[in-house]
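# Structural description and commentary
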Amino acid sequence: MELHDVEELMDLLHACRGARDTPGRCGGRVDLHDHALQTAALLRRSRPADKELQVAGLVHALGQLLRPADTTGHTDLAADLVRPLLGERVSRLVRHHSGGDAHDAETDDVLSLRHAHEAGRVVGIDAGVLEDWRTVLELVAAQHSRLGAVD
């Protein structure tokens, strides 16, 4: 599967609603949609200028949606899926958020994503709506597109 535009990515993110529950920190279960929104919102609060990091938090769980039975390869799947649209840095952050070695320059970013990933599992927390992230996704996709054209 390859993402061609932000609209396709938004459709996938919407499909996370009700998909494969993630264990909640407070006893319940948080679906992938709420988990993605909570993770991205936590990163927006802690690192407001780093849009790529926030987007990585939003898309990091897409592999679980596409391969729910795959407990080890879903991060690689998500990373490969978003790379053409959102760029190498977002892809690397997604790939390394659950473990593995990150580039030295991104270690703090990966740790921030890991912490938000763990904290973003609270049942009943309102982290906004997915549509609020469309502009940020478009910004990151456009930035990656411009960088790709320069290379």
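Everything here concerns the structure above.
The paragraphs below set out a description of the structure included in this document.

## So, the overall build of the protein
The helix and strand inventory of the protein stands at 8 helices and 2 strands. The contacts in the protein between residues at least 6 apart in sequence include a share of 61% that link residues at least 24 apart. Accessible surface, the protein as shown: approximately 7,500 Å² in total, 51% of it carbon and sulfur.

## Comments concerning the environment of H33
Examined against the element boundaries, H33 turns out to sit in helix α2 (residues 32-46). Judged by relative accessible area, which is 4%, H33 ranks as buried. Residues H33 and V59, 26 residues apart in the sequence, show an inter-C-alpha distance of 9.7 Å. Every residue in contact with H33, bar those within four places of it in the chain, is listed here: L13, H14, C16, R17 and L130. Within the structure, H33 has its side chain in polar contact with the side chain of R17 (distance 3.3 Å).

## Considerations on empty space enclosed by the protein
Under the criterion given, the structure shown has 1 cavity of 30 Å³ or more. Looking at the lining of the largest cavity element by element, the count peaks at 3 residues for α2. Class assignment for the residues of the lining of the largest cavity results in 6 nonpolar, 1 polar and no charged.

## Notes on the packing of helix α3 (residues 51-59) against helix α7 (residues 107-119)
Closest axis-to-axis distance for the α3/α7 pair is 10 Å, and the angle between their directions is 40°. In terms of axis orientation, α3 runs oblique to α7. The hand of the α3/α7 crossing is right-handed. The residues of α7 that touch α3, namely those facing L53, A56 and G57, are D109, S112 and L113.

## Things to note about the pattern of salt bridges
Applying the stated rule across the entire model yields 13 salt bridges. Among the ionic pairs, R47 bridges to D109, the shortest N-O distance being 2.5 Å. Linking R47 in the loop between α2 and α3 with D109 in helix α7, this pair joins segments that are 62 residues apart in sequence. A salt bridge links R95 to D80; the nearest nitrogen and oxygen atoms lie 2.6 Å apart. Linking R95 in helix α6 (residues 88-96) with D80 in helix α5 (residues 74-86), this pair joins segments that are 15 residues apart in sequence.

## Some words on α7
Look at α7: 18 Å from first C-alpha to last across 13 residues, which is about the 18 Å you get at 1.5 Å a residue. The set of residues buried in α7 consists of D109, V110, L113, A116 and H117. Along the long axis of α7, the arc covered by the buried residues comes to 125°, so they all point the same way. Pointing more than 90 degrees away from the buried face of α7 are the exposed residues D108 and H115. On its buried face, α7 sits against α2, α3 and α6.

## Notes on the side chain of E52
Within the secondary structure, E52 sits in helix α3. Among the polar contacts listed, one links the side chain of E52 to the side chain of R89, at a separation of 3.0 Å. Residues within four places of E52 in sequence aside, it is in contact with R89, V90, L93, V140 and Q143.

Conventions used here
- Residues numbered from 1 in each chain as written.
- Predicted model: local features only at pLDDT ≥ 70, side-chain atom pairs only at ≥ 80, totals over all residues.
- Heavy atoms only, no water.
- Helix = DSSP H or I, 4+ residues; strand = E, 2+ residues; numbered from the N terminus.
- Contact = heavy atoms within 4.5 Å.
- Areas by Shrake-Rupley, 256 points an atom, 1.4 Å probe, with all protein chains shown as cover.
- Buried < 20%, exposed > 50% of the residue type's maximum accessible area, 1.4 Å probe, protein only.
- Polar contact = N/O pair within 3.5 Å; in protein donor to acceptor, adjacent residues only side chain to side chain.
- 1 Å grid on protein atoms, 1.4 Å probe; cavity = no way out; pocket = protein on both sides within 12 Å on 5 of 7 lines; lining within 4 Å.
- Points joined across faces, edges and corners; volume = space filled by probe spheres on them.
- Nonpolar A, V, L, I, M, F, W, Y, C, P; charged D, E, K, R; others polar.
- Axes fitted to C-alpha atoms, helices over the stretch in contact; angles between N-to-C directions.
- Parallel < 35°, antiparallel > 145°, perpendicular 65-115°, else oblique.
- Left-handed = near helix turned anticlockwise from the far one by under 90°.
- Salt bridge = Lys/Arg side-chain N within 4 Å of Asp/Glu carboxyl O.
- Expected span 1.5 Å × (residues − 1).
- Arc of directions from axis to C-beta.

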